[in-house]
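Understanding the architecture of this molecule
Each chain, letter by letter, is given below.
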Amino acid sequence: MSAVIFDLDDTLVDQVTASGAAVVAWAATVGVTDPGVPARWAAVSERHYARYQRREVTFSGQRRERVRDFLAADLTDAEADELFAGYLERYEAGWTIFDDAIPALRRVRAAGLTAAVLTNGDEGQQRRKMDRLGLTSEVDLMVASSALPAGKPDPRAYRHVLDLLGLAPEAALMVGDSLDRDVRGALAVGLPAVLLDRFGAHPGTDVRRISTLDELTFSERRRVGSGP
């Protein structure tokens, strides 16, 4: 093994908590306060973000559609943008990393392996996130799907990062929290993968599963490009 490729959101960064707190606070400003707010926003976000990953809508477009869908409102682009900005400010203020994230990245590099990130996010936002949370200096490569024809689980996403690393699929390991996007999609192109199941959502799955990054194991080997 020569590299470990990590997902970013909900693998290294606690995106769910940030999003849930942000939407509760934001929704209250527009009069929506029922207990189902976080779950509805998560479902709406999943649906429209998946459309963006398939390039059926733009990045800005999926944000607008999330607001329209959540509020069941016929909004202009400008109105939707203004409303989403209220959520976004709260969401970005809530970014935090998991306690096991940086130790895992450092173990990878200490083993002589390349630490990479493959994220289904907008490159500008994800780089800001990594900079703010101290992750940028802990990884050797970050690839965001906004720079690709499609995001995970499209095979081109995994192949692109492997090409940048100069590796065959079997020489790397993908680690992430999504069974479909991070694990099954990777396995389909021959890239070994580990499911990070922090909350026990997939107890019966047939793939390799860990509950924390502290449990992640890999073989030590010299990093690609290093001397003899």
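Higher on the page you've got the structure.
The model shown is predicted, which means the values in this text are computed figures rather than measured ones. (Residues numbered from 1 in each chain as written. Predicted model: local features only at pLDDT ≥ 70, side-chain atom pairs only at ≥ 80, totals over all residues. Heavy atoms only, no water.)

All right, on to the overall build of the protein then. Within the protein, the regular secondary structure consists of eight helices and six strands. Walking the protein from its N terminus toward its C terminus, one meets helices and strands in the order β-α-α-α-α-α-β-α-β-α-β-α-β-β. Here the protein has a C-alpha radius of gyration of 18 Å; the compact-globule value for 228 residues is 17 Å, and the two agree. Projecting the C-alpha coordinates of the protein onto the three principal axes gives extents of approximately 60 × 35 × 30 Å. The burial tally for the protein puts 50% of its 228 residues in the buried class. Sequence separation of 24 or more characterises 63% of the internal contacts of the protein that already satisfy a separation of 6 or more. Within the structure as shown, the protein displays about 10500 Å² of accessible surface, and the carbon and sulfur contribution to it stands at 52%. Counting 28 positive and 34 negative side-chain charges, the protein places the averaged centre of each group 3 Å from the other. (Helix = DSSP H or I, 4+ residues; strand = E, 2+ residues; numbered from the N terminus. Rg over C-alpha atoms; globule rule 2.2 N^0.38 Å. Buried < 20%, exposed > 50% of the residue type's maximum accessible area, 1.4 Å probe, protein only. Contact = heavy atoms within 4.5 Å. Areas by Shrake-Rupley, 256 points an atom, 1.4 Å probe, with all protein chains shown as cover. Lys, Arg positive; Asp, Glu negative; His and termini not counted. Charge placed at Lys NZ, Arg CZ, Asp CG, Glu CD.)

Quick look at the environment of leucine 141 now. As for its placement among the helices and strands, leucine 141 is situated in strand S3 (residues 141-144). Sequence separation between leucine 141 and lysine 152 is 11 residues, and the spatial gap between their C-alpha atoms is 17 Å.

In terms of strand pairing, strand S2 (residues 114-119) meets S3 through four bridges, oriented parallel. Along S3, the bridge assignment pairs valine 117 with methionine 142. For the crossover that starts at S2, traverses helix H6 (residues 123-132) and ends in the parallel S3, the hand is right-handed. (Pairing = 2+ DSSP bridges. Right-handed = clockwise from strand over helix to strand, strands pointing away.)

Here we take up the pattern of salt bridges. A full pass over the atoms with the stated rule returns 20 salt bridges. For lysine 129, the salt bridge goes to aspartate 9, with nearest N and O atoms at 2.6 Å. With lysine 129 in helix H6 and aspartate 9 in the loop between strand S1 (3-6) and helix H1 (15-29), this residue pair connects regions lying 120 residues apart in the sequence. Looking at aspartate 9, the relative accessible area reads 19%, which means it is buried. Salt-bridge contacts for arginine 106 lead to glutamate 138; the nearest nitrogen and oxygen are separated by 2.8 Å. Of this pair, arginine 106 sits in helix H5 (residues 101-110) while glutamate 138 sits in the loop between H6 and S3, and the two are 32 residues apart along the sequence. Salt bridges linked by common partners bring Arg64, Glu65, Arg68, Asp77 and Asp81 together as one network. (Salt bridge = Lys/Arg side-chain N within 4 Å of Asp/Glu carboxyl O.)

With that out of the way, let us pick up the nonpolar core. Note on soluble globular proteins: their nonpolar side chains tend to be buried together. Core analysis: the biggest nonpolar cluster contains 45 residues, and Phe6, Leu12, Leu135 and Leu216 have the highest contact counts within it. Listed in part, the 23 residues of the second largest apolar core include Val143, Leu162, Leu165 and Leu191. (Core = buried A, V, L, I, M, F, W, Y, C linked by side-chain atoms within 4.5 Å.)

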